[in-house]
Amino acid sequence: MSESRVLIVFFSRTGTTHMLASTLASMLSADVEEICDYTERRGASGYLRCVMDSWRKRPAEIVPAGLDPSQYDLVVVGTPIWAGAVSSPVRAYLLQNRTKFRHIGFFCSLGGLGAEAAFDEMRALAGKAPVAQCKVRAAQVQGVAAASLERLLEPFVGELKRHLAHYQTLEWSC
Ligand SMILES: Cc1cc2nc3c(=O)[nH]c(=O)nc-3n(C[C@H](O)[C@H](O)[C@H](O)COP(=O)(O)O)c2cc1C
């Protein structure tokens with residue numbers, strides 16, 4: 001486990017959220033867990049399955065997580081937006097681990113609409129308010145240099161780091 005005690009957890013169907021997760025992990029020196037599910041989500045029928053899962057608020061069947069979120073001070077969870085909602089694999093992860101989060105943050109990638117409703121859902125699923133949240137449009141990620149992506153994420157990372165520093169101060173004073 002990294003010394004910073006931050007875990008980035010994400011699901012990504014087409015790589016956009018993955019790119020955000022990797023950039024965040026490098027900026028925060030965090031460990032990374034990719035959520036994988038057993039459902040075929042490629043192509044037109046896969047797309048439809050994603051929409052149906054979101055409409056029905058159905059958690060996906062996911063591969064058991066390799067890393068224990070209770071071992072981290074901060075878990076930052078990322079999702080693509082599907083039909084104005086959180087993706088079903090992330091829905092499943094949050095439900096399965098809701099008792100294990102000490103502190104949580106959220107990020108999402110999207111075409112343009114639905115982030116606020118998805119963040120509200122994520123908060124309810126996790127049973128915890130996030131210390132910070134960040135939405136990024138796919139167009140701001142795709143084909144963009146790593147340095148530009150870091151600049152884009154800097155305010156979010158700054159907020160997360162301020163919270164981390166606060167947790168360390170609390171630990172030292174105990
Ligand atoms: C099934 C499906 C539904 C989507 N619904 C929305 C939506 O409601 N609002 C939105 O802004 N983008 C929507 N998108 C676009 C994705 O959120 C966006 O492309 C995202 O960056 C994909 O992330 P990924 O590459 O990590 O899978 C949808 C994409 C899919 C596949």
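Residues numbered from 1 in each chain as written. Predicted model: local features only at pLDDT ≥ 70, side-chain atom pairs only at ≥ 80, totals over all residues. Heavy atoms only, no water.

1. As for the overall build of the chain
Okay, step 1: Helices and strands together make up the secondary structure of the chain, namely five helices and six strands.
Okay, step 2: Going from N to C terminus, the chain has its helices and strands arranged as β-α-β-α-β-β-α-β-α-β-α.
Okay, step 3: At 15 Å, the chain has a C-alpha radius of gyration in line with the 16 Å of a compact globule built from 174 residues.
Okay, step 4: With the C-alpha coordinates aligned to their principal axes, the bounding extent of the chain is approximately 55 × 35 × 25 Å.
Okay, step 5: Evaluated residue by residue, the chain yields a buried proportion of 48% over its 174 residues.
Okay, step 6: Intrachain contacts of the chain at a sequence separation of at least 6 include 78% that bridge at least 24 residues.
Okay, step 7: A total of about 8,600 Å² of accessible surface is found on the chain, and carbon and sulfur atoms cover 54% of it. (Helix = DSSP H or I, 4+ residues; strand = E, 2+ residues; numbered from the N terminus. Rg over C-alpha atoms; globule rule 2.2 N^0.38 Å. Buried < 20%, exposed > 50% of the residue type's maximum accessible area, 1.4 Å probe, protein only. Contact = heavy atoms within 4.5 Å. Areas by Shrake-Rupley, 256 points an atom, 1.4 Å probe, with all protein chains shown as cover.)

2. Side note on the site of the ligand
Okay, step 1: The environment of the ligand is made up of 20 residues, and the closest members are S12, T14, T17, G112 and L113.
Okay, step 2: T17 is positioned with one of its side-chain polar atoms (N or O) 2.6 Å from an oxygen atom of the ligand.
Okay, step 3: Between the ligand and L113 there is a distance of 2.6 Å, counted from a nitrogen atom to a backbone nitrogen or oxygen.
Okay, step 4: A total of 640 Å² of accessible area belongs to the ligand in isolation, and the protein chains cover 84% of it.
Okay, step 5: Taken together, the elements giving at least two residues each to the shell around the ligand come down to α1 (16–28), α2 (43–55), β3 (74–82) and β5 (104–110).
Okay, step 6: Classifying every residue of the shell around the ligand gives 10 nonpolar, nine polar and one charged. (Near = heavy atom within 4 Å. Polar contact = N/O pair within 3.5 Å; in protein donor to acceptor, adjacent residues only side chain to side chain. Nonpolar A, V, L, I, M, F, W, Y, C, P; charged D, E, K, R; others polar.)

3. Examining the UniProt feature "domain: Flavodoxin-like" (unreviewed entry) in the chain
Okay, step 1: Look at the UniProt record and you will see "domain: Flavodoxin-like" (unreviewed entry) annotated at residues 6–161.
Okay, step 2: Taken end to end, residues 6–161 has its terminal C-alpha atoms 10 Å apart, with 41% of it in helix and 21% in strand. (UniProt positions renumbered as here; feature names shortened; annotations may be inferred.)

4. Considerations on the packing of helix α3 (residues 88–97) against helix α4 (residues 115–126)
Okay, step 1: Between α3 and α4, the least distance of the axes is 8 Å, while the angle of their chain directions is 30°. Classified by the angle their axes make, α3 and α4 are roughly parallel. Note on element contacts: α4 touches α3 through E121, M122, L125 and A126, opposite V90, R91, L94 and L95.
Okay, step 2: Among the residues making up the contact of α3 with α4, the classes are represented as six nonpolar, no polar and two charged. (Axes fitted to C-alpha atoms, helices over the stretch in contact; angles between N-to-C directions. Parallel < 35°, antiparallel > 145°, perpendicular 65-115°, else oblique.)

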